[in-house]
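# A look at the structure
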Amino acid sequence: MDDESPQASLFEELPDDIQAGIRDLGWSEPMPVQARVIPIMRSGGDLIVQARTGSGKTGAFGVPIAAEVDTELAETQALVMLPTRELANQVAVEVEALGRHRGVRTLPVYGGVGYGAQNDGLAAGAHVVVGTPGRMLDHLQAGRLDLSHLKILVFDEADELLSLGFWPDMREIQRYVPQDRQSCLFSATIPEKVRSLSRVFLTEPEFVTLSEGQIAPAEIEHQFIVTTAQEKDANLVKILEIEDPESAIIFCNTKDDVRFVTTYLRKKGFDADQIQGDLAQNAREEVMGRIKAGELRFLVATDVAARGIDISQLTHVISYSAPDSPEVYVHRTGRTGRAGKAGTAISLISGLDIGNFKYLQNVNKIKINERKIPKDGEILDTLRERLMVKVEQEMRLIPEAERSFKIDRLVPIAKEMASTPETLRDLAAILAAYLREHRPQTSVVEPEAGDRSEAPERPRDDDRPRKGGRGGGRPRRRGRGGRGGRR
Ligand code: AMP
């Protein structure tokens, strides 16, 4: 495709009613991601798109979805899975606006709120369902959401979806999704877990990235955070809370810092241990054994003590003290992103280190993105999301009929506990223990080879048309055949 050509005509090629929706939003020409994605989506191909919020990505999938919906059919024809309720509402509003002149009904669904409005929306025949996988699965299992007419499946912010632990739900949703459909995945970063997701859900996807020269996505996401030296320990904790790494090594420049950080993290309830020069060899080996076996999550170490140690499965490398030299930075961050696995490298940089850190970034020619210290509100939102994901997953194990009985039974206790400061803390302690025990599965475990094509069919209790039975919909414009092997 010629990226230089004027793209205004792209919108003009769309059906009139969708153009009217676009005009209502005040969009005069497509944003770059839309110029790239809309034609491919309209031609029916599967897609992986590397795009961030703010790039216009919602329109990139929202326009083709709105243009594809057949409103004669009161059935769900597009499903957008995304990680949070805020995003669900935002995307639903935009898709609804794009499809307004066609009468496209868009419904946001997510956990943590009552079922009433969502059930009504589904019963009314929502054409586009936008939401979090947990609640979607709930509606699917209860038979309120039917995907037998699904044409387009979108994963938005796929990296976040996986980080929040939605993978088991997504894997389950796959059973309900018809084989003949288009699938598109949008993600700000494309670590290995996102690629694994794409292998499960997409077929021969085209890859679209807007960052020049970055066709092969980076395995390691490099970030730095500017902090005061005094608040470094507290900010380290904030980072760990919001990132919730599966496993991490935290580098310090001195043994004293290693001791201090280990003690500090333990006091805050983190599963941390240390290796530094003063430790006897067998004690070091014992710690190394635990981190390798996945029995220890946070290893605090000096560069010297960690030298030559292969811990390739770490998801995060954190520099508590800034690396002294470009070589040290490369060594440290080389501990993650190995063996095709994704990794995140985060450096905490205080005032005096900034100049030196910029220098090593230039020498290493690595793009290190600045990130802000997470605000308490953001951390709370993330913890809340994590709790909701787990609660809903857990609740799903109880048959729906029993669910309200079991919940209602405990409501008076929860109320009572919330009513005095002391017992409120007990209630919070229960949540803390619950979060601790229920770590989300953030990596994608791919099914066994034979499993994909044989994913059990959902029991069908009616005679709805299966593949291709889209009753009056625009004929698919798939340019290629051989999609029989759809996973
Ligand atoms: P998003 O990345 O989807 O969150 O979009 C970022 C912002 O860009 C949103 O406020 C959109 O409404 C807006 N936007 C999306 N597409 C266009 C367009 N073609 N022209 C102008 N604004 C747009």
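Presented here is an overview of the structure given in this document. (Residues numbered from 1 in each chain as written. Predicted model: local features only at pLDDT ≥ 70, side-chain atom pairs only at ≥ 80, totals over all residues. Heavy atoms only, no water.)

## As for the site of the ligand
Test applied: The criterion for a residue being near a molecule or strand is simple. One of its heavy atoms has to lie within 4 Å of it. In the analysis that follows, any N or O atom pair within 3.5 Å is treated as a polar contact, provided that within protein one partner can donate a hydrogen and the other can accept it, and provided that, for residues neighboring in sequence, both atoms belong to side chains. Using a 1.4 Å probe, the Shrake-Rupley method yields the accessible areas, and only the shown protein chains count as cover for residues. Three classes are used: nonpolar for Ala, Val, Leu, Ile, Met, Phe, Trp, Tyr, Cys and Pro, charged for Asp, Glu, Lys and Arg, and polar for all others, with Gly counted as polar.
Around the ligand sit 13 residues, and of these Glu29, Gln34, Gly54, Gly56 and Thr58 come closest. Contact distances for the ligand include 2.7 Å between a nitrogen atom and a side-chain N or O atom of glutamine 34. The protein chains hide 71% of the 500 Å² of surface that the ligand would expose on its own. Of the residues in the shell around the ligand, the class split is four nonpolar, six polar and three charged.

## Details of the nonpolar core
The condition that has to hold: To define a nonpolar core, start from buried Ala, Val, Leu, Ile, Met, Phe, Trp, Tyr and Cys residues and group those joined through side-chain atoms within 4.5 Å. Three exposure classes are used, based on accessible area relative to the maximum for each residue type with a 1.4 Å probe and protein chains only: buried under 20%, partly exposed in between, and exposed over 50%. Helix and strand definitions here come from DSSP, where helices need a minimum of 4 consecutive H or I residues and strands a minimum of 2 consecutive E residues; each element is numbered from the N-terminal end. Note on contacts: a residue pair qualifies if any of its non-hydrogen atoms lie within 4.5 Å across the two residues.
Grouped together as the largest cluster of nonpolar side chains are 34 residues, with contacts concentrated most on Leu79, Met81, Phe155, Met170 and Leu197. For this core, the elements supplying multiple residues, two or more each, are β2 (78-81), β3 (106-109), α7 (133-141), β5 (152-155), α8 (158-163), α9 (167-173) and α10 (192-201). Of all the elements, α10 adds the most residues to this core, at four residues. Filtering out sequence-adjacent residues up to four positions away, leucine 79 remains in contact with Val129, Met136, Leu145, Leu147, Leu150, Ile152, Leu153 and Val154. Counting residues in each nonpolar core, the second largest holds 28 residues, with Ala78, Leu87, Val104 and Ile152 among its members.

## Regarding the sheet that holds β5
The criterion, for reference: Two strands are said to pair when DSSP picks up at least two bridges between them. Inter-axis angles, ranging from 0 to 180 degrees, are taken between N-to-C directions of lines fitted to C-alpha atoms, where helices are fitted over the stretch in contact.
Taken in spatial order, the seven strands make up an open sheet running β3-β4-β2-β5-β6-β1-β7, and their pairing is parallel. Each edge of the open sheet carries a strand with a single partner, namely β3 and β7 (206-209). This sheet shows a mean twist of 15° between the axes of neighbouring strands, independent of strand direction. As paired strands, β2 and β5 are joined by four bridges and run parallel to one another. Across the sheet, the residue bridging to valine 80 is valine 154, located in β5. The sheet contacts of helix α5 (residues 85-98) involve β3 and β4 (128-131), and relative to β3 the element is tilted by about 180°.

## Here we look at the environment of proline 245
Secondary-structure assignment places proline 245 in the loop between α11 (232-243) and β9 (248-252). Proline 245 gets classed as buried once you look at its relative accessible area, which sits at 1%. With 98 residues separating them along the chain, proline 245 and glycine 343 place their C-alpha atoms 9.9 Å apart.

## Side note on the sheet that holds strand β12 (residues 316-319)
Working definition: the strands of a sheet are paired by backbone hydrogen bonds and lie parallel or antiparallel to each other. If you trace the seven strands from one edge of the open sheet to the other, you get β10-β11-β9-β12-β13-β8-β14, paired in parallel fashion. The open sheet terminates on both sides in strands that have one partner only, identified here as β10 (272-275) and β14 (369-370). The sheet contact formed by strand β8 (residues 220-226) and β14 spans two bridges and is parallel. Residue pairing in the sheet places glutamine 223 in a bridge with asparagine 369 of β14.

## A closer look at the packing of aromatic side chains
Note the following rule: Two rings from Phe, Tyr or Trp (for Trp, the six-membered ring) form a pair when their centres sit within 6.5 Å of each other. Planes less than 30 degrees apart are called stacked, planes more than 60 degrees apart edge-to-face, and all others tilted. Here, a charge over a ring means that NZ of Lys or CZ of Arg falls within 6 Å of the ring centre while also lying within 35 degrees of the ring normal.
Taken as a whole and assessed by the stated rule, the structure comprises seven aromatic pairs. Relative to phenylalanine 201, the ring of phenylalanine 155 lies with its centre 4.9 Å away and its plane at 65°, an arrangement referred to as edge-to-face. Of this pair, phenylalanine 155 sits in strand β5 while phenylalanine 201 sits in helix α10, and the two are 46 residues apart along the sequence. Accessibility classification places phenylalanine 155 together with phenylalanine 201 in one group, the buried group. Through pairs of rings, three or more aromatic residues link up here, namely Phe155, Trp167 and Phe201. Above the plane of the ring of tyrosine 115 lies arginine 135, whose end atom (NZ or CZ) is 3.7 Å from the centre.

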